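One-letter residues, chain by chain:
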Amino acid sequence: MVVIGNGNKRPRTITGIAASAAATVTSAAIASTTRIKRRGNLVETWTWSFFWMFLGFYLHSLVVSTRIIHSSQDSAETRGVAISGTSSSSSPVDSFMFSSSSSTNATAGKKHWCVVALKYLPKTTLKHFTHFPHASEILLPCWSYFMEQNAINNCGYFFHYQLNLSAWSRELIETMGCDIQMSVKGSDDILPDGRVVSLPPDDIQFIPNLYLLRPRHGYIRYLNDASHAHELRRKFVSDEYIQSQKGPDKPLRIGMIQRRDSRVIGNLEQIRDALQKAIPSADIVITDFASLKTVKEQATWFATKHVIVAAHGAALTNSVFVTQKTIVMQLFPPGYFWPSLDPLIEQSGGYAIQWYEKENDPAVVSATMKREDFDRAGKATFSPPVHEVVKPILYTLEVERPTNQRLKQLFGDFV
């Protein structure tokens with residue numbers, strides 16, 4: 001996999017760069033023709049025109065004939081490559097859009113590994129991987145890959161020795177039932193193409209695009225199908241238990257998360273009281289999520305709620321454990337907007353809704369702020385207007401029906 005990245009910008013593949021070069025050269029041919037014609041020298045005109053056009057067509061043919069993984073807006077970003085441990089041949093995997101024939105008899109019974117090797121990547125990736133919301137951007141897509149390959153009972157994760165797995169990441173992988181293997185410090189078992197020579201030669205190695213670990217505003221493909229999230233949830237909490245907690249004969253269960261140190265919701269109790277008044281039968285709890293120490297406890301909390309309200313934060317990574325049509329409302333402090341978890345909520349089968357200040361486009365405001373101001377905004381205590389939090393929840397639950405004017409007042413022009 002050949003990827004060129006630059007900070008938080010979208011990674012550019014060699015294919016994209018070559019295509020841009022071809023377009024640029026072809027444009028230059030036209031521009032040079034126009035410019036030279038003004039000189040009145042027909043020989044020079046045609047000589048330079050043919051030269052630039054030939055170079056443009058050559059680069060274009062190079063793009064078409066070269067087999068390199070590419071990314072597109074539709075598939076978000078290239079997810080990685082799956083390779084055999086016995087050869088350097090690879091096949092691109094874009095957004096895990098596998099067909100049913102992708103798991104063939106040739107790979108049946110073989111072990112599949114998700115290889116997270118940082119040998120050829122910036123050291124900054126180490127810091128991001130330690131924080132489990134960023135690690136989930138690799139761990140969950142690999143789980144989706146295992147699901148598509150019918151390999152959830154024969155899977156493993158191979159990590160570079162410098163990676164420190166958080167307790168959340170380690171418990172997640174162990175409960176998946178996948179093996180964990182680390183490279184040995186000082187060994188040279190990771191080849192330039194990403195293959196790990198110490199793994200069994202007949203195993204299949206999947207190498208995800210580690211540039212996805214870099215924080216960014218782009219759309220993230222965590223999972224290819226909601227059924228993958230539900231299968232993972234069943235590893236932690238059974239459908240029978242969930243049914244006993246929020247079955248048809250049970251009251252609506254609303255969970256609210258209060259953070260301790262940053263992005264504290266100053267009026268969370270008032271929001272709770274307003275929801276209770278609107279839905280008297282609802283069972284509403286406010287939880288200090290730091291008190292839930294294990295992934296199993298956190299997964300059970302998320303799986304047994306109909307509605308979840310929380311400030312944007314790491315705890316919402318557990319949205320992968322929600323049941324179908326669970327409503328998850330994220331609240332963003334003014335000046336801090338990072339909707340990276342909305343795709344996870346939606347891909348897990350939930351409904352993602354948001355609160356943010358309506359005066360300006362929140363994505364533009366956040367993207368144009370100085371880093372220190374953005375970080376400061378992300379730590380601030382804030383109190384959103386109660387009705388602007390409660391009403392969207394009631395509308396999504398269809399407890400109330402909004403007018404168009406009311407929707408515009410609540411959501412502004414930037415939904």
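Located above this text is the structure these notes cover.
On a predicted model such as this, the values are computed, not experimentally measured, just so you know.

Peer 1: Is there a simple way to think about the state of the cysteines in this case?
Peer 2: The term disulfide refers to a covalent linkage connecting the sulfur atoms of a pair of cysteines. Scanning the entire structure with this criterion turns up 2 disulfides. Bridging Cys114 to Cys142, the disulfide has an S-S length of 2.0 Å. Across the S-S bond linking Cys114 and Cys142, the dihedral sits near 40°, which makes this disulfide right-handed. Here Cys114, found in strand S5 (residues 112-116), pairs with Cys142, found in helix H4 (residues 132-148); they are 28 residues apart in sequence, far enough to count as distant. When its relative accessible area of 0% is taken as the criterion, Cys114 is described as buried. Residue classification places Cys142 among the buried residues on the basis of a relative accessible area of 0%. Paired through a disulfide, Cys155 and Cys178 show a sulfur-sulfur distance of 2.0 Å. Its S-S torsion of about -90° marks the bond between Cys155 and Cys178 as left-handed, since a negative value means left-handed. Here Cys178 lies in the loop between helix H5 (167-176) and strand S7 (179-182) and Cys155 lies in strand S6 (residues 155-159), a separation of 23 residues in the sequence. Each of the two residues, Cys155 as well as Cys178, counts as buried.

Peer 1: Can you help me understand the pairing of strand S10 (residues 283-287) in this one?
Peer 2: Strand residues, when the strand is regular, have side chains that alternate between the two faces of the sheet. Note that strand S9 (residues 253-257) and S10 share 5 bridges and pair parallel. Bridging from a neighbouring strand, Met256 pairs with Ile286 of S10. Taken together, S9, helix H8 (residues 268-278) and S10 form a β-α-β motif whose crossover is right-handed.

Peer 1: Any chance you could explain the environment of Pro200 here in plain terms?
Peer 2: Note on placement: Pro200 falls in the loop between S7 and strand S8 (204-208). The class of Pro200 is partly exposed, set by a relative accessible area of 39%. For Pro200 and Lys110, which are 90 residues apart along the polypeptide, the C-alpha to C-alpha distance reads 10.0 Å.

Peer 1: Explain the sheet that holds strand S13 (residues 351-355) to me, please; I cannot follow it from the model alone.
Peer 2: Taken together, 5 strands build an open sheet; the order of strands is S10-S9-S11-S12-S13 and the sheet is parallel. Strand pairing shows two members of the sheet lacking a second neighbour, S10 and S13, which therefore form its edges. Ignoring strand direction, the axes of neighbouring strands in this sheet form an average angle of 15°. Examined bridge by bridge, S9 and strand S11 (residues 307-311) share 4 bridges and lie parallel to one another.

Peer 1: Help me out: how do you make sense of the layout of surface pockets in this one?
Peer 2: Gaps left between atoms are located by rolling a probe of water-molecule size over the structure's atoms. Of the volumes computed, that of the largest pocket is approximately 670 Å³. In terms of lining residues, the largest pocket is bounded by 24 residues, among which His131, His134, Arg263, Tyr336 and Arg371 are the most central. Counting only elements with at least two residues in the lining of the largest pocket, the list comes to helix H3 (124-130), H4 and helix H12 (371-379). Among the elements that make up the lining of the largest pocket, the one with the highest residue count is H12 (5 residues).

Peer 1: Honestly, helix H6 (residues 226-234) in this entry has me stumped. Any pointers?
Peer 2: Think of an α-helix as 3.6 residues a turn; residues three or four steps apart then line up on the same face. Inspection of H6 places Ala226, His228, Ala229, His230, Leu232 and Arg233 among the buried residues, and these make up the whole buried set. Taken together, the buried residues of H6 touch H4, H5, helix H7 (239-246), helix H9 (295-303) and helix H10 (342-347).

Peer 1: Hey, could you run me through the packing of H4 against H6 in this one?
Peer 2: Helix-helix packing is described using two parameters, namely the angle between the two axes and the distance between the axes. One can describe the packing of H4 onto H6 by two numbers: an axis separation of 10 Å at closest approach and a directional angle of 100°. As far as their axial angle goes, H6 and H4 are roughly perpendicular. The residues of H6 that touch H4, namely those facing Leu140, Trp143, Ser144, Met147 and Glu148, are Ser227, His228, Glu231 and Leu232. Counted by class, the contact of H4 with H6 contains 4 nonpolar, 3 polar and 2 charged residues.

Peer 1: Help me out: how do you make sense of helix H13 (residues 386-397) in this one?
Peer 2: With 12 residues, H13 ought to run about 16 Å at 1.5 Å a step, and its terminal C-alpha atoms sit 17 Å apart, in line with that. Within H13, burial applies to Glu388, Val389, Val390, Pro392, Ile393, Leu394 and Tyr395.

Peer 1: I keep staring at the pattern of salt bridges and nothing clicks. Help me out?
Peer 2: Pairing of side chains with opposite charge becomes possible as their charged atoms draw close. Under the counting rule described, the total for this entry stands at 10 salt bridges. Among the ionic pairs, Arg234 bridges to Glu231, the shortest N-O distance being 3.5 Å. Pair noted here: Arg234 and Glu231 are both in helix H6, with a separation of 3 residues, about one helical turn. For Glu231, a relative accessible area of 27% corresponds to the partly exposed category. Asp239 is paired through a salt bridge with Arg234; the nearest N and O atoms lie 2.8 Å apart. For Asp239, a relative accessible area of 32% puts it in the partly exposed group.

What counts and what doesn't
Residues numbered from 1 in each chain as written. Predicted model: local features only at pLDDT ≥ 70, side-chain atom pairs only at ≥ 80, totals over all residues. Heavy atoms only, no water. Disulfide = S-S within 2.5 Å. Helix = DSSP H or I, 4+ residues; strand = E, 2+ residues; numbered from the N terminus. Buried < 20%, exposed > 50% of the residue type's maximum accessible area, 1.4 Å probe, protein only. Pairing = 2+ DSSP bridges. Right-handed = clockwise from strand over helix to strand, strands pointing away. Axes fitted to C-alpha atoms, helices over the stretch in contact; angles between N-to-C directions. 1 Å grid on protein atoms, 1.4 Å probe; cavity = no way out; pocket = protein on both sides within 12 Å on 5 of 7 lines; lining within 4 Å. Points joined across faces, edges and corners; volume = space filled by probe spheres on them. Contact = heavy atoms within 4.5 Å. Parallel < 35°, antiparallel > 145°, perpendicular 65-115°, else oblique. Nonpolar A, V, L, I, M, F, W, Y, C, P; charged D, E, K, R; others polar. Expected span 1.5 Å × (residues − 1). Salt bridge = Lys/Arg side-chain N within 4 Å of Asp/Glu carboxyl O.

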